[in-house]
Amino acid sequence: MTLLESRPATQVNPYEGLRVVKAKHPGRWAATAVVAVLLAMVLNSLITNPRWEWGVVWAYLGEVSIVEGVWMTIELTLITAVLGFALGTVLALMRLSQSPLLRAVSWGYTWVFRSVPLILQLLLWYNLAYLYQSLDVGIPFGPSFASFETLSLIDKFGAAILGLGLHQAAYSAEIVRAGILSVDQGQHEAAAALGIPRRRQSTRIVLPQAMRTIVPTAVNEIIGLFKGTSIVYVLALGELFYTVSVIYGRTQRVLPMLVVAAIWYVVLTTVVTVIQFYVERYYARGAVRTLPPTPLQRLRGNLTAGLSRVRPVGAAATSGQDPVAR
Amino acid sequence: MTAVAPRPGRVEVHGVHKSFGAHEVLHGVDLVVEPGSVTVVLGPSGSGKSTLLRSINHLETVDRGFVALDGELVGYRRKGDVLHELKEKELLRQRTRFGFVFQSFNLFPHLTALENVVEAPVSAQGRNRREVEAEARELLARVGLADKADAHPRQLSGGQQQRVAIARALAMKPAVLLFDEPTSALDPELVGEVLAVIADLARTGTTMIVVTHEIGFARQAADRIVFMDDGRVVEQGTPTEVLDHPQHERTKAFLAKVL
Ligand SMILES: Nc1ncnc2c1ncn2[C@@H]1O[C@H](COP(=O)(O)OP(=O)(O)OP(=O)(O)O)[C@@H](O)[C@H]1O
Ligand SMILES: [Mg+2]
């Protein structure tokens, strides 16, 4: 205060020439040290305990049957996700439609497919041939034009896709519906007032905005699916987990094989998480004033910030903020 | 052709009743808006101004009574003595003859200003995108936002957003423009820029119905002023008649409060 009073306002900035000392965070340093020690202990045990059998893990990580299993897991997950979200979107739109029949059907679908355990649904689909030997295409209650053997149509893979996809659709429907409900009523109204056709209202106005809510939960579901597909081992379908269990059944190397599977699942999840970042960023257009920086931009920003920190006083004033935010 | 086609944009409201549940909000509203005229609707909060405006372009379905635009019933097709409710598709087409500007702008936040303006003429009227884009840029220039075409709504001030919304409504080349309190979500210093755009439009001869609390604007821009209270049109006339020589007690009381 005295500083201000002693100088008239017209004079030069009274704070000029003062030195800035950054706040110190002793607690943060202590916590960092503790975590570093714990990490070192974990690493040490992983490396020095021979029972992890890293040699075996390494040998099997890129083994042909394992890679084929990984591929099957990816295939199952992607097809299920696409099928689930496509059908889920239809179900969500039905649920929000004016027609009581469509609403009831959608509600009923979700009710049934969420209620029956997935493992049971998978086995039911696989045994469909027992209920219906052949599937016919034709006029309802009338003649049929074509007939297919159920067994040839729904093999193991077909049963897995049907089971996982139809089950996923019930959950996806709720995710999409939540997304649509999160879009402001004024948006529907503006679209209607402009006379935009109904389908276009959904695809151009409502769904793109709903995606902001849908994407994080949807990715959660997809990551869940990557691991959830392991349930199809009940159909003896050769995805990652089934393949691994077959191998350790033969070689008795249980632990290293589980580690192999774990590593692959982590890799798959990581890839999806990276994709998620960019998808979210894409749908954030317009919703935030400035987009968050990509990891690459952030890295570059940190590098330049680090460099400027080396330079003396004047440059340091700006490096406190995130340099990319400007 | 000897006869000159009458100017489009005549709006007739006949005995419109509207209830929400058991609560009747409009108790038989009658109103005629001449083509090319500017009508300002005044009235206390809750008197049914927004409901009336939304009934005119059928955003609300009315319980009784009719709205007609240039003799064509809104929301129905007439065959002899029978009225058929329009399918949603036909209704949406009919709506393109009205432009609606909302109190809360309701711009599409994920689209740029230009995309907001271009969307409906292309998807609802099936016009050529290239052509519409050129027109949209002109419209944005007309509301003073030529340099904001590629900005997203959240990067614009409230006044700028509302001006984009006006350009969006104009892009449909509507016969009638409906404004529901276009400036009441704006900071006082931004109200002027939006009202200036609307007053400018008033001179171009588009039929306009404007719900507002801006008495100064009403006096300057309106051809007719309609005063509503409790779901009825209480009084209407020229600005001088209604604002300076109100006949009805309720009009007097309202004006005493807002003037
Ligand atoms: N969707 C709705 N459901 C139930 N009641 C409604 C609905 N919309 C409006 N109302 C009621 O109808 C009455 C008139 O509302 P309206 O919005 O038309 O008033 P207004 O004259 O526009 O008021 P304001 O100046 O505050 O905007 C109010 O009592 C309101 O509560
Ligand atoms: Mg209102």
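Bear in mind the structure is a predicted one, so any value in this text is a computation, not a measurement. (Residues numbered from 1 in each chain as written. Chains lettered and ligands numbered in written order. Predicted model: local features only at pLDDT ≥ 70, side-chain atom pairs only at ≥ 80, totals over all residues. Heavy atoms only, no water.)

## Concerning the site of ligand 1
All names here are of chain B. Near ligand 1 lie 13 residues; those nearest to it are Ser45, Gly46, Lys49, Ser50 and Thr51. One of the side-chain N or O atoms of Ser50 is found 2.6 Å from an oxygen atom in ligand 1. Interatomic distance of 2.5 Å between a side-chain N/O atom of Thr51 and an oxygen atom of ligand 1. A total of 630 Å² of accessible area belongs to ligand 1 in isolation, and the protein chains cover 60% of it. Breaking the shell around ligand 1 down by element, the ones donating at least two residues are β2 (23–33) and α1 (49–56). In terms of residues, the shell around ligand 1 owes the most to one element, α1, which gives three residues. Class assignment of the residues belonging to the shell around ligand 1 gives a composition of three nonpolar, eight polar and two charged. (Near = heavy atom within 4 Å. Polar contact = N/O pair within 3.5 Å; in protein donor to acceptor, adjacent residues only side chain to side chain. Areas by Shrake-Rupley, 256 points an atom, 1.4 Å probe, with all protein chains shown as cover. Helix = DSSP H or I, 4+ residues; strand = E, 2+ residues; numbered from the N terminus. Nonpolar A, V, L, I, M, F, W, Y, C, P; charged D, E, K, R; others polar.)

## A closer look at the UniProt feature "domain: ABC transporter" (unreviewed entry) in chain B
As recorded in UniProt, the feature "domain: ABC transporter" (unreviewed entry) lies at residues 11–255 of chain B. Annotated as residues 11–255 of chain B, this span is 36% helix and 28% strand, and its ends, taken at the C-alpha atoms, are 26 Å apart. (UniProt positions renumbered as here; feature names shortened; annotations may be inferred.)

## As for the sheet that holds strand β12 (residues 232–237) of chain B
Residue and element names in this part refer to chain B. Read across the open sheet, the six strands follow the order β8-β9-β10-β3-β11-β12; overall the sheet is mixed. Of all the strands in the sheet, the pair left with one neighbour each is β8 (98–101) and β12. Each strand axis lies, on average, 20° off the axis of its neighbour in the sheet, ignoring direction. Sheet topology places strand β9 (residues 176–180) next to strand β10 (residues 207–211); five bridges connect them, and they run parallel. Bridge pairing in β10 links Asp180 to Val211. Running over the sheet, α1 touches β3 (38–42), β8, β9, β10 and β11 (224–229) and is turned about 155° from β9. (Pairing = 2+ DSSP bridges. Axes fitted to C-alpha atoms, helices over the stretch in contact; angles between N-to-C directions. Contact = heavy atoms within 4.5 Å.)

## A look at the UniProt feature "transmembrane region" (unreviewed entry) in chain A
Residues and elements named next belong to chain A. With numbering matched to this structure, UniProt assigns "transmembrane region" (unreviewed entry) to residues 29–49, 69–94, 230–248 and 255–279. Each end of residues 29–49 is marked by a C-alpha atom, and these two atoms are 30 Å apart; helix forms 95% of the span and strand 0%. In this annotation, residues 69–94 is assigned 100% helix and 0% strand; the end-to-end C-alpha distance for the span is 37 Å.

## Re the packing of helix α4 (residues 64–95) of chain A against helix α5 (residues 100–115) of chain A
Residue and element names in this part refer to chain A. Running from N to C, α4 and α5 point in directions that differ by 135°, and their axes come no closer than 7 Å. Compared by their axis directions, α4 and α5 come out oblique. Considering only the axes of α4 and α5, their crossing is left-handed. Each of Leu87, Leu91, Met94 and Arg95 in α4 lies in contact with α5, whose residues at this interface are Leu102, Arg103, Val105, Ser106, Trp107 and Tyr109. Classifying every residue of the contact of α4 with α5 by side-chain character gives seven nonpolar, one polar and two charged. (Parallel < 35°, antiparallel > 145°, perpendicular 65-115°, else oblique. Left-handed = near helix turned anticlockwise from the far one by under 90°.)

## Topic: the interface of chain A and chain B
Taken residue by residue, the interface counts 23 residues in chain A and 28 residues in chain B. For the chain A and chain B pair, buried surface summed over both sides reaches about 2200 Å², with 54% attributable to carbon and sulfur atoms. In this assembly, chain A and chain B are joined by four salt bridges. A salt bridge links Arg200 of chain A to Glu119 of chain B, with the shortest nitrogen-to-oxygen separation between them at 2.7 Å. (Buried area = accessible area lost by both parts, 1.4 Å probe. Salt bridge = Lys/Arg side-chain N within 4 Å of Asp/Glu carboxyl O.)

## Considerations on the nonpolar core
Membership of the largest hydrophobic core comes to 52 residues, with the highest contact counts inside it found for Ile166, Phe179 and Met208 of chain B. At nine residues, the largest contribution of residues to this core is made by helix α6 (residues 188–202) of chain B. Ile166 of chain B has contacts with Val101, Phe179, Val194, Val197, Ile198 and Leu201 of chain B, leaving out every residue within four places of it along the chain. Counting 48 residues, the second largest nonpolar core, distinct from the first, contains Val176 of chain A together with Val11, Ala175 and Leu178 of chain B. (Core = buried A, V, L, I, M, F, W, Y, C linked by side-chain atoms within 4.5 Å. Buried < 20%, exposed > 50% of the residue type's maximum accessible area, 1.4 Å probe, protein only.)

## As for the sheet that holds strand β4 (residues 64–69) of chain B
Residues and elements named next belong to chain B. The four strands lie next to each other as β2-β1-β4-β5, forming an open sheet whose pairing is antiparallel. The open sheet is flanked by β2 and β5 (72–73), the only strands paired with a single partner. Strand direction decides the pairing type here: β4 and β5, joined by two bridges, are antiparallel. In the sheet register, Ala68 faces β5, and the bridge partner there is Leu73. The strands touched by α1 within the sheet are β1 (11–20), β2 and β4, with β2 carrying the most contacts at an inclination of about 60°.

## Quick notes on the pattern of salt bridges
Applying the stated criterion to the full structure yields 19 salt bridges over all chains. Glu53 of chain A serves as the salt-bridge partner of Arg253 of chain A, at 2.8 Å between the closest nitrogen and oxygen. Of this pair, Arg253 of chain A sits in the loop between α12 (240–251) and α13 (254–283) while Glu53 of chain A is found in the loop between α2 (26–48) and α3 (54–61), placing the two residues 200 residues apart along the sequence. Judged by relative accessible area, Arg253 of chain A falls into the partly exposed class, the value being 35%. Among the ionic pairs, Glu119 of chain B bridges to Arg204 of chain A, the shortest N-O distance being 3.0 Å. Placement of Glu119 of chain B in helix α3 (residues 113–123) and of Arg204 of chain A in helix α11 (residues 198–228) is noted, with the two residues assigned to different chains. Salt bridges linked by common partners bring Arg95, Glu174 and Arg177 of chain A together as one network.

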